[in-house]
Amino acid sequence: MSQRTNLKAIDPASFTVSVLKLKQLIQMMVIFLMTGGVATAQEFTEDPRPVQDPVPTGAAYLYDMQLTPSGKTRKEMLSDVRMLVMVVGESVVSVGFESGRIQIMDDDGMTLKLDASGRLTGKQRVKEGSKSAVEYFLALDVKRQGGELTGTFSYLHTKNVTSKGARSGYLKEDVTGAVMGTAIDEKTLAEANAVHPEADWDSYLGTQQNFSAVDTGVELVDDLNDARLVWVGPYVGGMQIGDVRHGIRLTPAHVGGAATPLIHHGRVYQFHTRATGDQIMPGYREVYESNKNGAKDRVASYAKLSDRTVEQVLQRFAPFADEYMTCLDAATGKPLWRVKWPKAGLNYVAHKSAFSNQTGCVGDDTVFAFGTMGVVRALDAKTGRQLWSTPIPGYHEHMRTERQQIMGGVHKPRSREYAHGLNYIGGVVIVPTGVSECGLAGLDGKTGKLLWKGGVLGKTTTPVRWSHQDKEYVIAADSRGKVVCLDPITGQELWTSNDAGSSEHQYVVEGDTLLTTGGCFELSLTGAKRLWRIDESTSFNSRSVGLLYRGNAWIRGDKESGGLVIRRVADGKELHRDPTRGPTAEAMTFAAEGRIFYNHESQHLRGHMFELLKTDPASIPPLGKGWRPPHVVDLTYVIPVMYPVVDGRIYMRVADAVHCYDLRKN
């Protein structure tokens, strides 16, 4: 259990309000001058009041439908596909597909309506394929009688028949078909998919701090292709963006906030952002107006093809962003609350995603959101009520400078080192003080008060929670081989080791064992004792050094240095070596219920495939075939968004929403 502090809560508002207003005024004046008078006082708020976005209430139903087109269809068109629609009361709250080709484009394109009899009618904007700009409106007319669904669907398919340059050639065809399915009531869905209330994933690293949750003893499928899609949450959008080196990359309504879903006491918490405002960032305005790489033509063509205005297409390059935290029921996907911070964030446009880890953390029934401007906000996990907000010293100042540069037209390829998640350790929120190699700070979990600054942190790592003798400690490392153990309440350095190897790659713990690129260490209150060393020739092509799980170390080097190597923690004995499983790009490996989820790479769509491996014995081939999840995936390039596996369910942030799959064998 987390150790809480007994620090007295104080209210600094009376002392800081005038200073805060002065800072806001100065910042807005700087932005105004640097942008030639474009920005206004209404376009940025240093720390806005949170807004509780209303969510529908009432009885919930999941419309689980199979769409079958009539007659023959082109290969590129919609074929037999499963469609899930969550309705609450008389409102449609989410739409999703079990298809690797179809995704929801934005929630603005949803006109589906539900009447009192349960009849579902209207249209939903969808996109077919992962790269093309092909979009269409899918129309439904579905009746509910008891638990049975019947009806029809249709859409006007628009195919882009040119592959390069301005997209001016289109082929349009009407497609119609039948709908059949089942309406599953909330109670039935909740009972069938109930999640153990103590099975959590409370940070980027998972509750066990080794990319795993606490095992609950459920038996998982032997082939991931047997995974069953249970629900699709409300639209939150993907994370790939694009930058000026590509001209103007055309994407759905711009969203970001590449945060891993957090699971706590049967609820899912997802942070995300969305571009807002009417203006365009100066650098993008120049690209558009100069028609660089055909930007103007491409925007006009995309607007026409997707039934949008040019202004709507360009809005994804607005400099400001609304920030959100959405809470879902982990068993049903039903939205429970959503908090919005209007124009609180920076719409940070860069290749793939520069904000490659905005993962917060959960502890003591409080969820901590990690804002893009370096502001940590604490919310009551049950209600979403904001308890406090605190700018991270160092990080927040850096982001204000970044914002001023962007508003002044300074565009450059942005660093991919925005990759530190938060962690909750001993009642304290442990936060980075910078965007790259930096230090740490501790915020009191109850009040948000800054308790201390110090320590070290590698440029793409998250601080680790080490639980030892009923207390919790901070383990952090930098890229030069230094590892420190800190008291989370005081920040006092308890010991230091300078021989841990480069920790640009995420390190992990299991019990009193630490795995870094330098090897395996036994932790105590007096230091880190090396158990064995990883070969210095090992080159890590994954941002994580690997896993510690059930007494074995799974080390992910590249093919030249042995690929996947499995060693026994106790004595370093090599149990298995497979050179063919070296990652080709940034990859993810996580564990659950005696299984290893192994992905060769997660940087490109073509490489996003999972293998399921047994942990004992370690030398057997994969279980089943490789699994390409049946949805349009999304990526964050440097630091993969993790996919929590909790009590036999896997929660995946993808191109349009959070998807929940059931991996239980029975």
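Residues numbered from 1 in each chain as written. Predicted model: local features only at pLDDT ≥ 70, side-chain atom pairs only at ≥ 80, totals over all residues. Heavy atoms only, no water.

### As for the side chain of D64
In step 1: Relative to the helices and strands, D64 is located in strand β2 (residues 60–69).
In step 2: Ignoring any residue separated from it by four or fewer positions in sequence, one finds D64 in contact with R82, M83, L84, L149, M180, G181, T182 and I184. (Helix = DSSP H or I, 4+ residues; strand = E, 2+ residues; numbered from the N terminus. Contact = heavy atoms within 4.5 Å.)

### Details of the confidence of the model for the protein
In step 1: For the protein, per-residue confidence averages 83 on the pLDDT scale, and residues scoring 70 or more make up 82% of the total.
In step 2: Here residues 1–42 scores under 50 on pLDDT; set against residues more than four positions off or in separate chains, the count is 52 contacts. (pLDDT = per-residue confidence, 0-100.)

### Examining the pattern of salt bridges
In step 1: What the rule picks out here adds up to 21 salt bridges.
In step 2: Here D141 ties to R119 by a salt bridge, and the two come within 2.7 Å at their closest N and O atoms. In this pair, D141 is assigned in strand β8 (residues 135–145) and R119 in the loop between β6 (113–114) and β7 (120–128), connecting sequence segments 22 residues apart.
In step 3: Since its relative accessible area comes to 27%, D141 is described here as partly exposed.
In step 4: On the accessibility criterion, R119 (31% relative accessible area) is partly exposed.
In step 5: Across the pair R377 and E323 runs a salt bridge whose closest N-O atoms are separated by 3.0 Å. Here E323 lies in strand β15 (residues 320–329) and R377 lies in strand β19 (residues 375–380), a separation of 54 residues in the sequence. (Salt bridge = Lys/Arg side-chain N within 4 Å of Asp/Glu carboxyl O. Buried < 20%, exposed > 50% of the residue type's maximum accessible area, 1.4 Å probe, protein only.)

### Describing unusual backbone geometry
In step 1: A positive phi angle, close to 50 degrees, is found at K343, a residue other than glycine.
In step 2: Looking at the secondary structure, you find K343 in strand β16 (residues 335–346).
In step 3: Of the residues examined, K343 reaches a relative accessible area of 22% and is grouped as partly exposed.

### Section: the nonpolar core
In step 1: Counting 96 residues, the largest nonpolar core has I475, F590, F597 and Y651 as the members making the most contacts within it.
In step 2: Of all the elements, strand β26 (residues 471–477) adds the most residues to this core, at five residues.
In step 3: Those residues in contact with I475 that sit more than four places away from it in its chain are P463, V464, W466, V483, V484, C485, W495, Y507, L514 and L523.
In step 4: M105, A378, M399 and V429 belong to the second-largest nonpolar core, a separate cluster that totals 33 residues. (Core = buried A, V, L, I, M, F, W, Y, C linked by side-chain atoms within 4.5 Å.)

### With respect to the environment of I102
In step 1: By secondary structure assignment, the location of I102 is in strand β5 (residues 102–104).
In step 2: Classification of I102 as buried rests on a relative accessible area of 5%.

### Remarks on the sheet that holds strand β27 (residues 483–486)
In step 1: A sheet is described by the order of its strands in space; here four strands give the open sequence β25-β26-β27-β28, paired in antiparallel fashion. The open sheet terminates on both sides in strands that have one partner only, identified here as β25 (464–468) and β28 (493–497). Adjacent strand axes in the sheet meet at a mean angle of 25 degrees, parallel and antiparallel pairs treated alike.
In step 2: Relative to β28, β27 runs antiparallel, the two being bridged by four bridges. (Pairing = 2+ DSSP bridges. Axes fitted to C-alpha atoms, helices over the stretch in contact; angles between N-to-C directions.)

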